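# An overview of the molecular structure
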Amino acid sequence: MDLEDTAAQLGVRAEELARVHRLAGDLPSAPLPAKADAPELLDRLAVPEADAAEILAGWPDPDSPLWTPQLRWLLDRSTALVRADLGGHDWLPPGPALPRDRGPAWRHLYAYSYLALVEVVRAYHRDHGVADAVTWTTLADLGRNLAVDRRMNGEGWPVMQAWLTLHVRGGVYELGRLQHHRGGTTLGLHIPDSGPLTPESVSASLDEGRAFFPRHFPDEHYTEFSCGSWLLDPQLLEHLPPESNIVRFQQRFELEPYEAQPGVDADVEVLRFVFRTLTTPLDQLPRRTVLQRAVLDHLQAGGHWYWRRGTFPI
């Protein structure tokens with residue numbers, strides 16, 4: 001495979017493909033499920049109807065004219081890249097961000113890779129005694145992210161495609177209200193877009209995590225929960241009422257000293273999660289909730305939001 005020519009055909013940088021080639025090498029990939037089984041699988045993964053229809057329309061059938069040799073190579077090697085890190089928990093981009101306006105094969109290539117890895121990670125979960133209910137709840141984050149990306153007119157996917165590799169490597173588990181992220185001696189907490197962040201739901205999820213990981217990963221020893229997010233920016237305390245769910249979540253943590261995170265712009269992350277848009281002018285964004293008004297008042301006054309990390313003992 002000529003990486004320079006392949007990169008030109010795919011509209012990406014050659015060094016991005018060189019990374020895929022280096023990490024995947026000749027390692028085994030994973031086959032997609034049969035197309036006839038795909039509708040049921042997509043339903044179990046909570047994929048919205050519109051996205052499911054596109055995924056099926058762009059399915060990588062052997063004779064599909066939508067799939068160039070270069071696209072097939074990238075699907076195979078990106079799947080192998082992710083599979084090779086089964087059990088891993090670090091951030092892992094599966095490949096370059098593609099020009100997704102070229103059609104469903106381009107738009108959903110990394111979703112096809114995710115589907116190919118479902119049975120791989122299910123076997124990994126079974127080996128660790130993880131219940132099917134936890135497996136499917138965790139993996140259904142695919143549908144949630146596709147729905148968000150559609151709402152964001154495609155602005156969200158470059159981040160999501162890397163985030164979702166954690167699920168199919170067994171690095172993240174959704175336990176009640178929170179997603180728990182393995183790594184070192186710390187369980188990282190993520191907050192999916194799945195309803196109010198009530199103190200009761202957070203406490204129940206933490207209790208689940210305290211029981212889950214010693215049971216299913218007894219060789220791993222966790223001493224604290226952690227979270228890295230703009231939600232932990234103490235400036236929010238100046239704008240939100242003390243009884244708000246966000247304030248009460250924030251108060252669980254002891255903040256670490258502020259340290260800029262390379263590649264993380266908290267202002268962008270706030271817009272991504274609060275408004276689900278990265279390009280709408282501030283004066284056109286909705287002000288329906290207390291949080292939306294707080295975010296906009298702060299930004300329009302010339303302020304900035306900051307990504308903060310905090311911990312508390314398990």
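Source: prediction; values computed, not measured.

This part covers the overall build of the chain. Tallying secondary structure elements over the chain gives 14 helices and six strands in all. Whereas a compact globule of 314 residues would reach a radius of gyration of roughly 20 Å, the chain reaches 20 Å, a difference of no more than 12%. For the chain, the spread of C-alpha atoms along the three principal axes comes to 60 × 50 × 35 Å. With 314 residues in all, the chain has 51% of them scored as buried. Long-range pairs, those at least 24 residues apart, make up 71% of the contacts in the chain with a sequence separation of at least 6. For the chain, the accessible surface area stands at approximately 14,500 Å², while carbon and sulfur atoms represent 53% of it.

With that settled, the discussion passes to the environment of Y110. Looking at where Y110 falls in the secondary structure, it is placed in helix α7 (residues 109-127). Under the relative-accessibility criterion, Y110 is labelled buried at 7%. Leaving out residues up to four positions away in the same chain, Y110 has contacts with L74, S78, P94, G95, P96, L98, W157 and Q161. Engagement of the side chain of Y110 in a polar contact is seen with the backbone oxygen of P96, the distance being 2.8 Å.

This part covers the pattern of salt bridges. Enumeration over the complete set of coordinates arrives at 19 salt bridges. Residue E54 is joined to R150 by a salt bridge in which the shortest nitrogen-to-oxygen separation is 3.4 Å. Remark: R150 occurs in helix α9 (residues 141-151) and E54 occurs in helix α4 (residues 49-57); sequence separation between them is 96 residues. Across the pair R169 and D85 runs a salt bridge, and its minimum N-O distance is 2.5 Å. Taken together, the residues span a long stretch of sequence, with R169 in the loop between α10 (157-163) and β1 (172-175) and D85 in the loop between α5 (69-83) and α6 (104-107) at a distance of 84 residues. Exposure remark for R169: the relative accessible area of 0% places this residue in the buried category. The network of salt bridges with common partners includes D51, E54, R107 and R150.

Basis of the calculations
- Residues numbered from 1 in each chain as written.
- Predicted model: local features only at pLDDT ≥ 70, side-chain atom pairs only at ≥ 80, totals over all residues.
- Heavy atoms only, no water.
- Helix = DSSP H or I, 4+ residues; strand = E, 2+ residues; numbered from the N terminus.
- Rg over C-alpha atoms; globule rule 2.2 N^0.38 Å.
- Buried < 20%, exposed > 50% of the residue type's maximum accessible area, 1.4 Å probe, protein only.
- Contact = heavy atoms within 4.5 Å.
- Areas by Shrake-Rupley, 256 points an atom, 1.4 Å probe, with all protein chains shown as cover.
- Polar contact = N/O pair within 3.5 Å; in protein donor to acceptor, adjacent residues only side chain to side chain.
- Salt bridge = Lys/Arg side-chain N within 4 Å of Asp/Glu carboxyl O.

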